Amino acid sequence: MLKDITIGQYFPGDSFLHRLDPRFKIVMTLLYIAMLFMGNELYSLLFGVVYCILAFSLSKLSIKLFGKNIKPLLPILLITAVLDIFFIREGTVYFQAGFFKLTEDGVFTAIRMIVRILFLIIGSSLLTYTTSPIQLTDAIERLLSPLKKLHFPVHSFAMMMSIALRFIPTLMDETDKIIAAQKARGAGFDSSKLKDKAKALVPVLIPLFVSAFRRAEELATAMECRCYRGDVGRTKMKSMSAGRNDFIALTVTILMLGAAIVTTVLF
């Protein structure tokens, strides 16, 4: 199941979303997250849901990619929703049997939580799916460039973020290989007892950490061999420039966020 997780991967394309300036995409993603968490009513999520569907249609990506990301999280979402239904007891009572009480607030809290998390994953995944790690690094560095006056290591921070995103799929693939190897040695990953499952994770985590540190060391050595010295004297092969489509997309995002704010305040 871990190999199905596609967070951090980049899928080349020539869609409207792929051609947008990465700086604008980062800003629009942050505004989209604010849109999702603007209000507590279900109708306040409508703007974020519509915006996400519109962005997805412009990306020309397959819905299967997002299904792979969401599938491993479904059990956690369902458990959280059940806990919300069981322990939130305010509001109109729909059904009651002994200790169990199904209330209006419990149901709507569970639905709101599931919708927010699902569309948060889909919307944020669009950023990495349509933007290469190099573009993300440059965009983060440009957006945080005013912090250089405060001696903040902007370039190092941007590089660290992009490398972390880049190696998420690699670590997932490494974890799958380690689990398969441990199963071949008789590790009990299929046990139904929580204690046994926790013990089985130990022979997975230790090799995974060793592998991660080894990859980090190899990457650092490779960067040093290529005379990498941070942002001092570095130039860009492709300079970023904003176009009409970037401003149109940002304007639409701001308008939808403004509509979500007005709707939340008025209703």
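Residues numbered from 1 in each chain as written. Predicted model: local features only at pLDDT ≥ 70, side-chain atom pairs only at ≥ 80, totals over all residues. Heavy atoms only, no water.

**Looking at the pattern of salt bridges**
Put simply, the rule is: The term salt bridge refers to a side-chain nitrogen of Lys or Arg lying within 4 Å of a carboxyl oxygen of Asp or Glu. Think of it in three bands: residues with accessible area under 20% of the maximum for their type are buried, residues over 50% are exposed, and the middle band is partly exposed, with areas taken using a 1.4 Å probe on protein chains only. The secondary structure listing takes helices from DSSP runs of H or I that are at least 4 residues long and strands from runs of E that are at least 2 residues long, numbered from the N terminus.
On inspection of all chains with the given rule, the structure shows four salt bridges. Note that Lys148 is salt-bridged to Glu141, the shortest N-O span being 3.7 Å. Relative accessible area serves as the criterion here: at 7%, Glu141 is assigned to the buried category. A salt bridge links Arg215 to Glu174; its shortest N-O distance comes to 3.1 Å. With Arg215 in helix H9 (residues 194-225) and Glu174 in helix H8 (residues 154-184), this pair connects stretches of sequence that are 41 residues apart. The class of Glu174 is buried, set by a relative accessible area of 14%.

**Quick word on the side chain of Arg112**
The condition is simple: Any two residues whose heavy atoms approach within 4.5 Å are treated as being in contact.
Assignment of secondary structure puts Arg112 in helix H6 (residues 104-129). Contacts of Arg112, omitting those with residues within four sequence positions, involve Asn40, Leu42 and Leu45.

**Points about the environment of Gly258**
Note that Gly258 resides in helix H10 (residues 244-266). You can call Gly258 partly exposed: its relative accessible area is 27%. For the pair Gly258 and Met35, spaced 223 residues apart in sequence, the C-alpha to C-alpha distance is 8.8 Å.

**Some remarks on the pairing of strand S2 (residues 100-103)**
Inclusion rule: In this analysis, strands are considered paired if DSSP registers two or more bridges between them.
Burial of the side chains of S2 is restricted to one face: Lys101 and Thr103 are buried, whereas none of Phe100 and Leu102 on the reverse face is. By the bridge criterion, four bridges tie strand S1 (residues 93-97) to S2 in an arrangement that is antiparallel. Bridged to Ala97 within S2 is Phe100.

**Side note on unusual backbone geometry**
The backbone of Lys60 sits at a positive phi, close to 60 degrees, despite the residue not being glycine. If you trace the backbone, Lys60 turns up in the loop between helix H3 (46-59) and helix H4 (63-70). Residue Lys60 is classed as exposed on the basis of its relative accessible area, which comes to 70%. Although it is not a glycine, His151 sits at a positive phi angle of roughly 65 degrees.

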